[in-house]
Amino acid sequence: MPNIEPFEKLTEHYDHWFEEHSKVYAEELKAIKALLPPFEKGIEIGVGTGRFAAPLGIKTGLEPSRKMAQIAKTRGIEVIPGQAEAIPLPDDSYDFALMVTTICFVDDAKKALQEIWRILKPGGFIIVGFVDKETPLGRLYQKNKEKSRFYKTAHFFSGDEVMSLLRQTGFSDCKAVQTLFGPDLAHMQGGLKDGYGEGAFVAIRCKKPRKS
């Protein structure tokens, strides 16, 4: 069971972060938009307050936190209660799934990706967005995680680790972009660059192959 207590207690604080760090948030959105495939039926796994799903045109989200879901609903998102490792949806039912930072908070990242694979139609896409632990900001987050209200229970990943998990699950045709270059949130430079290993925020898009 993921630790949703901080997100239940500090929902407004979490949601306000995106306004307080609007330039960082805008760069993260740009990275995802750069990889966004055309889709008819999309879902965000760990939709939170809908800060990504809403501007990206994703109408459905999965979210274990009731209070986060309440805010997402005000942004026009249909929220399904549930956890990433046991998605209460049928096989082959979506053509796109988004997962932004959620991979850091699930109990079993591999199981979560397997569940996303299951609900994706053949030929469907996944985008995973996350803070790369091998960057200055990632190392800073890890160093101070015990002091953080949100990241205390997080498990950070490198670009190589997320790419490996995606490929182990069966995804292919992967492409990565990175943004947010700098030592900390107060000194970030935007702009997109292919790959990962330099930018604090990474987005990786992969495809579920069609059945042969």
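Residues numbered from 1 in each chain as written. Predicted model: local features only at pLDDT ≥ 70, side-chain atom pairs only at ≥ 80, totals over all residues. Heavy atoms only, no water.

**Topic: the packing of helix H2 (residues 11–20) against helix H3 (residues 22–35)**
Piece 1. Closest axis-to-axis distance for the H2/H3 pair is 5 Å, and the angle between their directions is 90 degrees. Classified by the interaxial angle, the pair formed by H2 and H3 is roughly perpendicular. The residues of H3 that touch H2, namely those facing Trp17, Phe18, Glu19 and Glu20, are Ser22, Val24 and Tyr25.
Piece 2. Residues of the contact of H2 with H3, tallied by class, amount to 4 nonpolar, 1 polar and 2 charged. (Axes fitted to C-alpha atoms, helices over the stretch in contact; angles between N-to-C directions. Helix = DSSP H or I, 4+ residues; strand = E, 2+ residues; numbered from the N terminus. Parallel < 35°, antiparallel > 145°, perpendicular 65-115°, else oblique. Contact = heavy atoms within 4.5 Å. Nonpolar A, V, L, I, M, F, W, Y, C, P; charged D, E, K, R; others polar.)

**Comments concerning helix H5 (residues 66–74)**
Piece 1. Turning to H5, its buried residues number three or more, namely Met68, Ala69, Ile71 and Ala72. Axial view of H5: buried residues confined to an arc of 160 degrees, hence all on one face. For H5, exposure combined with an orientation more than 90 degrees from the buried face picks out Arg66, Lys73 and Thr74.
Piece 2. Downstream of H5 by one or two residues, glycine 76 has phi in the positive range, about 85 degrees. (Buried < 20%, exposed > 50% of the residue type's maximum accessible area, 1.4 Å probe, protein only. Arc of directions from axis to C-beta.)

**Some thoughts on the pairing of strand S8 (residues 201–207)**
Piece 1. Most of S8 sits out of view: 6 of its 7 residues are buried.
Piece 2. By the bridge criterion, 7 bridges tie strand S5 (residues 120–131) to S8 in an arrangement that is antiparallel. Looking at S8, one finds that valine 128 is bridged to isoleucine 204.
Piece 3. In this structure, strand S6 (residues 172–179) lies alongside S8, joined through 6 bridges in antiparallel fashion. Its bridge partner being in S8, alanine 176 is matched across the sheet by isoleucine 204. (Pairing = 2+ DSSP bridges.)

**Some details on the environment of isoleucine 127**
Piece 1. Take isoleucine 127: it is sitting in strand S5.
Piece 2. The sequence separation of isoleucine 127 and leucine 35 amounts to 92 residues, and the corresponding C-alpha distance is 7.8 Å.
Piece 3. Look past the residues within four positions of isoleucine 127 in its chain and what remains in contact with it is Ile32, Leu35, Leu36, Pro37, Phe96, Ala97, Leu98, Met99, Ala203, Ile204 and Arg205.

**Some words on the packing of aromatic side chains**
Piece 1. With the rule as written, the count across this model stands at 7 aromatic pairs.
Piece 2. Look at tryptophan 17 and phenylalanine 18: their rings are 5.2 Å apart centre to centre, the planes differ by 80 degrees, and that puts the pair in the edge-to-face class.
Piece 3. A relative accessible area of 24% places tryptophan 17 in the partly exposed class.
Piece 4. By relative accessible area, which is 6% here, phenylalanine 18 ends up buried.
Piece 5. When the centroid spacing of 5.6 Å and the interplanar angle of 90 degrees are considered together, the rings of tyrosine 25 and phenylalanine 52 count as edge-to-face. Pair noted here: tyrosine 25 is in helix H3 and phenylalanine 52 is in the loop between strand S1 (42–45) and helix H4 (53–56), with a separation of 27 residues, a long-range link. Comparing tyrosine 25 with phenylalanine 52 shows no difference in burial state: the two are buried.
Piece 6. Put simply, the rings of Trp17, Phe18, Tyr25 and Phe52 pair up and form one aromatic cluster.
Piece 7. The side chain of lysine 41 reaches across the aromatic face of tyrosine 94, ending 4.8 Å from its centre. (Phe/Tyr/Trp six-rings, centres within 6.5 Å; stacked < 30°, edge-to-face > 60°. Lys NZ or Arg CZ within 6 Å of the ring centre and 35° of its normal.)

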